[in-house]
Amino acid sequence: MGKIGVAVSPANSDRIFAIVEAEKSGLYRSDDAGNTWKLLSEDRNIVTRSWYYMNITADPANADVVYVINAPIMKSIDGGKTFATLNAQHGDNHFLWINPKDSRYMANANDGGATISLDGGKSWSTQGNQPTAQFYHVIVDDAYPYRLYSGQQDNSSVIIKSRSDEGAITDADWQNGPGCESANIGVDRKNPRYIYGGCYQGILDELDMTSNLRRNIMPWPELNLTEPSNETKYRFNWTAPALVSRHAGNVIYHGGNVLFRSPDRGRTWTPISPDLTRNDKATQGLGGTPFTNEGAGGEVYGAIITIAESPHDANTLYVGTDDGLVQLTRDGGKTWTNVTPAGLAVGLSNELEVSPHDPGTVYLAFRLDRRGDYTPYPMKSTDYGRSWTRISTGMREGEPVRVIREDPERKGLLYAGTETGAYLSFDGGAHWQPFSQNLPNVPVTGLDVRHGNLYASTEGRAFWALDDLSAVRQLSADLAKAVVHLFTPREAMLVPGTQGRSTGAGTNPAPGANIFIALAAAPDSANAATLEFLDTRGIVIRRFGKGAVGKGVATPAPLTLKAGLNAFQWDLRSESPAKLPGNVNIWGGSGAGYLMTPGTYQVRLTVGTTVQTRSFTVVQDPRISTSATEIAARDAMARAIVARVDEIHESLLRIRDVKSQVAGYIEKAKDVPTGKQIAEKGNGITTAVDSLDPRLSTKAANGQDVINFRNGINAQYAFLLGNLEGNEVLTQPVRDRFVELEKLWTTIQQRISDVETKQVDEFNALLKAAQLNGVIVTKPKVAM
């Protein structure tokens, strides 16, 4: 016998079910506590992949109901004689729990996540709300939005955008990639039209992102599925790597037990190496014996698992094998040298990384955990692999290392993914420190440092991104001692999208400019903090913190800083127009300030008497090729619209204040001889203001009210701003509508002026005669 799954019926403890792998595999049952057994079912569906499954669950209430978990969930209601397949949310099911008090309630664990049934398995809850993808690797391209690629265990390969123009990254932002679940994706990052992904036993596909067509480009089109690996011409690891040369986009490498090279996107292939593995015959043959062959490819051993091309030289390539070797060529594959670290047991050369700063430096993530040794083995060579040093100081023992990457901008800044999270080193690996932060406690299978961000693939919690490495790259021992430090921001992009939260979607990067601030202590009343943003003229366009008060309603612009590292996001907008009291809702307009024009800006931090200023650039959306002149014209219009909304709101606030003062004076003048005249004149002002108020702003107070109440002219301008910002150029309809609104505003302005001057002057004259103070009209402020 081979593998056996056993379940004792809770409804009858004498009844035992056993799913047995043997010459006669099938379901056996004993009704006398194991003294005698019967073979009840030889249904191949319940025993097909014994190596992977063979779990069995007995119903807690009915001794005749039993479930076998193979790839599908199989149910028997006749004591195990016959089986039917249950509907399930995913294939490759592994475990079934049944509520002991109510058999209708079930929980299922499978390779796609977890699901719940409340009706005995007739229907199941969704798995689309669980970020439980198991990604093998990650590579990021240079398209915008940047795209992440990986094979996804027991699913398709995936291509997913790093951000969305909406509030979150949804399934609309990803697509299936080439190959299948086991794909180790290759892509020309700079020109990511053609994507390469493998599948079982050497299958390799090319996906054209322009046409969405796929081509089969297998280096050796032999059907290796289920075949003994000692009899196939080549051997391929489950996640056989595909690599597109960074030096020539048409050149592709694919790893078997030899390294294949194609100069023409897979039309022709040449092995450019001998067998680079140990070629240990004892590890070859069928994937499973003596009863059940497991031939999908996960059991094939003695193959290349990683390929690393030097960024400095197209002819320098390293490969790592799943049987623990590291091989190097420095002449494009003509000759090879075994540079495996000495003294290591036979293990897994999991990932290799050639330093982007030094041609001779290479990093290796070596693993022995599959042989029971969970020691971390991060290795480093500075002489092309001739000698190696284990660089694990600071890492926890018992935590294998999966991947090491060096920051392309700061030499010696390393990132490592391990069995439980991430680590960081500032000194080339001499010392490490935990760097998981809010990353789940999960295996990190791949890392990619790209576009100033760090991307991670995980085994069970999908993709994660650490957006903006600016602070990490600028950290130093001296800086760590600073009382106050403002980091230099990286460039900020003028792109759409917000950072919404959703259980069924990925999180967008924070929009706008990221500002990092390090403080030894949190600011207090004696050392209050202010953050200001200045344009190219040195004029403050936005202020947060102490002394930063919004217009109209006195609401401080918040700036909450704590001791340690702080992250602040500026939305790249100017100060908002004056705010109106209440919850005024304008359809199609945000009420925010205008967006910045591409250029150089400054951020100024003040904490007590300490003042620090840094410059940074704001750049246009990379997808937009509009000229600077056109952008300037559009943005000038945006500034004019925001200034006009501000002027309208200030005017409305003033006349409302006039109305309030008038009402007070009417009340005070009740007992004076001219009280009736004062009331009549005052009521005339009130009527005029009441007629102007809805012309200036809506009464809508929520998202449904906008359908009930007419729009004020402020909403028309705000809606126009939304249309303007929804285009990269200033269009003729926007220009024409602005001219029309300006004419309408001039007419309304004249009516406001009549109230604030002629009518108020006449009212004040009556008040003066009655020896009462007059209405004070606030002077209009200078336009934004």
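All values derive from a computational prediction rather than experimental measurement.

### Describing the overall build of the chain
No. 1: The number of helices and strands found in the chain is 6 helices and 46 strands.
No. 2: The C-alpha extent of the chain, read off along each of the three principal axes, is 115 × 70 × 55 Å.
No. 3: Relative to its full complement of 784 residues, the chain shows a buried share of 51%.
No. 4: When contacts within the chain are restricted to residue pairs at least 6 apart in sequence, long-range pairs at least 24 apart make up 53% of them.
No. 5: Here the chain has roughly 35,500 Å² of accessible surface; of this, 50% comes from carbon and sulfur atoms.

### Quick look at the nonpolar core
No. 1: Counting residues in hydrophobic clusters, the biggest one holds 66 residues, and the most contacted among them are Phe533 and Trp570.
No. 2: Per-element tally for this core: the top contributor is helix 3 (residues 628-668), with 12 residues.
No. 3: Residue contacts for phenylalanine 533: discarding those within four places in its chain leaves Ile515, Ile539, Val540, Ile541, Arg542, Phe544, Phe568, Trp570, Gln602, Val603 and Phe616.
No. 4: In terms of nonpolar packing, the next biggest core, distinct from the first, is built from 15 residues, Tyr318, Val354, Phe366 and Tyr384 among them.

### Observations concerning empty space enclosed by the protein
No. 1: With the rule as written, the count across this model stands at 1 cavity of 30 Å³ or more.
No. 2: By volume, the largest cavity amounts to about 40 Å³.
No. 3: What lines the largest cavity is Gln201, Asn224, Glu227, Pro228, Ser229, Thr232, Tyr234, Arg235 and Val300.
No. 4: Here the residues of the lining of the largest cavity sort into 3 nonpolar, 4 polar and 2 charged.

### Quick notes on the pairing of strand 14 (residues 157-161)
No. 1: Burial within strand 14 is extensive, with 4 of its 5 residues counted as buried.
No. 2: Pairing geometry for strand 13 (residues 147-151) and strand 14, over 5 bridges, is antiparallel. Counterpart to leucine 148 in the pairing with strand 14 is isoleucine 160.
No. 3: Connecting the antiparallel pair strand 13 and strand 14 is a turn made up of 5 residues, with aspartate 154 showing a positive phi of about 55°.
No. 4: With 3 bridges joining them, strand 14 and strand 15 (residues 174-176) adopt antiparallel strand pairing. What sits directly across from isoleucine 160, in strand 15, is tryptophan 174.

### What about the pairing of strand 32 (residues 401-406)?
No. 1: The buried fraction of strand 32 is high, at 6 of 6 residues.
No. 2: Pairing of strand 32 with strand 33 (residues 414-418), which is carried by 5 bridges, proceeds in the antiparallel orientation. Residue glutamate 406 lies in a different strand from strand 33, and its bridge partner there is leucine 414.

### Notes on the environment of alanine 308
No. 1: Within the secondary structure, alanine 308 is located in strand 24 (residues 304-309).
No. 2: In sequence terms alanine 308 and serine 425 are 117 residues apart; their C-alpha atoms lie 21 Å from each other.

### A short note on a nonpolar patch on the surface
No. 1: Side chains of Met1, Ile4, Val6 and Val8 sit close together on the surface and give an oily, nonpolar patch of about 410 Å² of accessible area.
No. 2: Mapped onto the secondary structure, valine 6 falls in strand 1 (residues 4-8).

### Considering the packing of helix 4 (residues 675-696) against helix 6 (residues 732-769)
No. 1: As a packed pair, helix 4 and helix 6 sit with axes 10 Å apart at the nearest point and diverge in direction by 160°. Looking at the two axes, helix 4 sits roughly antiparallel to helix 6. Crossing of helix 4 against helix 6: the hand is left-handed. Only Leu744, Trp745, Ile748, Arg751, Ile752, Val755, Gln759, Val760, Glu762, Phe763, Leu766 and Leu767 of helix 6 make contact with helix 4, whose side of the interface consists of Gln677, Ile678, Lys681, Gly682, Gly684, Ile685, Ala688, Val689, Ser691, Leu692, Arg695 and Leu696.

### What about the packing of aromatic side chains?
No. 1: Counted under the stated rule, the structure contains 19 aromatic pairs.
No. 2: Arranged with centres 6.1 Å apart and planes meeting at 10°, the rings of phenylalanine 236 and phenylalanine 260 form a pair that is stacked. One end of the pair, phenylalanine 236, is in the loop between strand 19 (214-216) and strand 20 (242-244); the other, phenylalanine 260, is in strand 22 (residues 259-262), with 24 residues separating them in the sequence.
No. 3: A relative accessible area of 1% places phenylalanine 236 in the buried class.
No. 4: Residue phenylalanine 260 is classed as buried on the basis of its relative accessible area of 2%.
No. 5: Ring pairing ties together the aromatic residues Phe533, Phe544, Phe568, Trp570, Tyr601 and Phe616, which thus form one cluster.
No. 6: It is lysine 233 that lies over the ring of tryptophan 220; its NZ or CZ is 4.0 Å from the centre.
No. 7: One residue, arginine 330, lies across the ring of tyrosine 384, its end atom 3.6 Å from the ring centre.

### Remarks on helix 4
No. 1: Between its first and last C-alpha, helix 4 extends 31 Å over 22 residues, near the 32 Å set by a 1.5 Å rise per residue.
No. 2: Buried within helix 4 are the following residues: Gly675, Ile678, Ala679, Gly682, Ile685, Thr686, Ala688, Val689, Leu692, Asp693 and Leu696.
No. 3: Looking at the buried positions of helix 4, the neighbouring elements they touch are helix 3, helix 5 (713-725) and helix 6.

### Quick look at the environment of alanine 342
No. 1: Turning to its location among the elements, alanine 342 is positioned in the loop between strand 27 (337-338) and strand 28 (348-354).
No. 2: Sequence separation of alanine 342 and threonine 389 is 47 residues, and the distance between their C-alpha atoms is 9.9 Å.

### A closer look at the pattern of salt bridges
No. 1: Going through the model one piece at a time under the given rule, you end up with 40 salt bridges.
No. 2: The partner of glutamate 532 in a salt bridge is arginine 543, with the nearest N and O atoms 2.9 Å apart. One end of the pair, glutamate 532, is in strand 42 (residues 529-534); the other, arginine 543, is in strand 43 (residues 540-545), and 11 residues separate them in sequence.
No. 3: Where arginine 623 meets aspartate 621, a salt bridge forms, and the shortest distance between an N and an O atom there is 2.7 Å.
No. 4: The structure contains a network of salt bridges with shared partners spanning Arg15, Arg29, Asp31 and Asp64.

### A word on the sheet that holds strand 21 (residues 252-255)
No. 1: Spatially, the 4 strands line up as an open sheet ordered 20-21-22-23, and their pairing is antiparallel. Each edge of the open sheet is held by one strand with a lone partner, namely strand 20 and strand 23 (270-271).
No. 2: Bridge count for strand 21 against strand 22 is 4 bridges, and the pairing is antiparallel. The residue bridging glycine 255 from the neighbouring strand is leucine 259, located in strand 22.

### Let's talk about the confidence of the model for the chain
Should pLDDT be low for a region, the predicted coordinates there are not to be read in detail.
No. 1: With 97% of its residues at a pLDDT of 70 or more, the chain has an overall mean of 94.
No. 2: Low pLDDT, under 50, characterises residues 549-554; the stretch is placed with 18 contacts to residues that sit more than four places away or in other chains.

Here is what the cut-offs are and how they apply
- Residues numbered from 1 in each chain as written.
- Predicted model: local features only at pLDDT ≥ 70, side-chain atom pairs only at ≥ 80, totals over all residues.
- Heavy atoms only, no water.
- Helix = DSSP H or I, 4+ residues; strand = E, 2+ residues; numbered from the N terminus.
- Buried < 20%, exposed > 50% of the residue type's maximum accessible area, 1.4 Å probe, protein only.
- Contact = heavy atoms within 4.5 Å.
- Areas by Shrake-Rupley, 256 points an atom, 1.4 Å probe, with all protein chains shown as cover.
- Core = buried A, V, L, I, M, F, W, Y, C linked by side-chain atoms within 4.5 Å.
- 1 Å grid on protein atoms, 1.4 Å probe; cavity = no way out; pocket = protein on both sides within 12 Å on 5 of 7 lines; lining within 4 Å.
- Points joined across faces, edges and corners; volume = space filled by probe spheres on them.
- Nonpolar A, V, L, I, M, F, W, Y, C, P; charged D, E, K, R; others polar.
- Pairing = 2+ DSSP bridges.
- Patch = residues over 30% accessible without salt bridge, like charges linked within 9 Å, V, L, I, M, F, W, Y side chains within 5 Å.
- Salt bridge = Lys/Arg side-chain N within 4 Å of Asp/Glu carboxyl O.
- Axes fitted to C-alpha atoms, helices over the stretch in contact; angles between N-to-C directions.
- Parallel < 35°, antiparallel > 145°, perpendicular 65-115°, else oblique.
- Left-handed = near helix turned anticlockwise from the far one by under 90°.
- Phe/Tyr/Trp six-rings, centres within 6.5 Å; stacked < 30°, edge-to-face > 60°.
- Lys NZ or Arg CZ within 6 Å of the ring centre and 35° of its normal.
- Expected span 1.5 Å × (residues − 1).
- pLDDT = per-residue confidence, 0-100.

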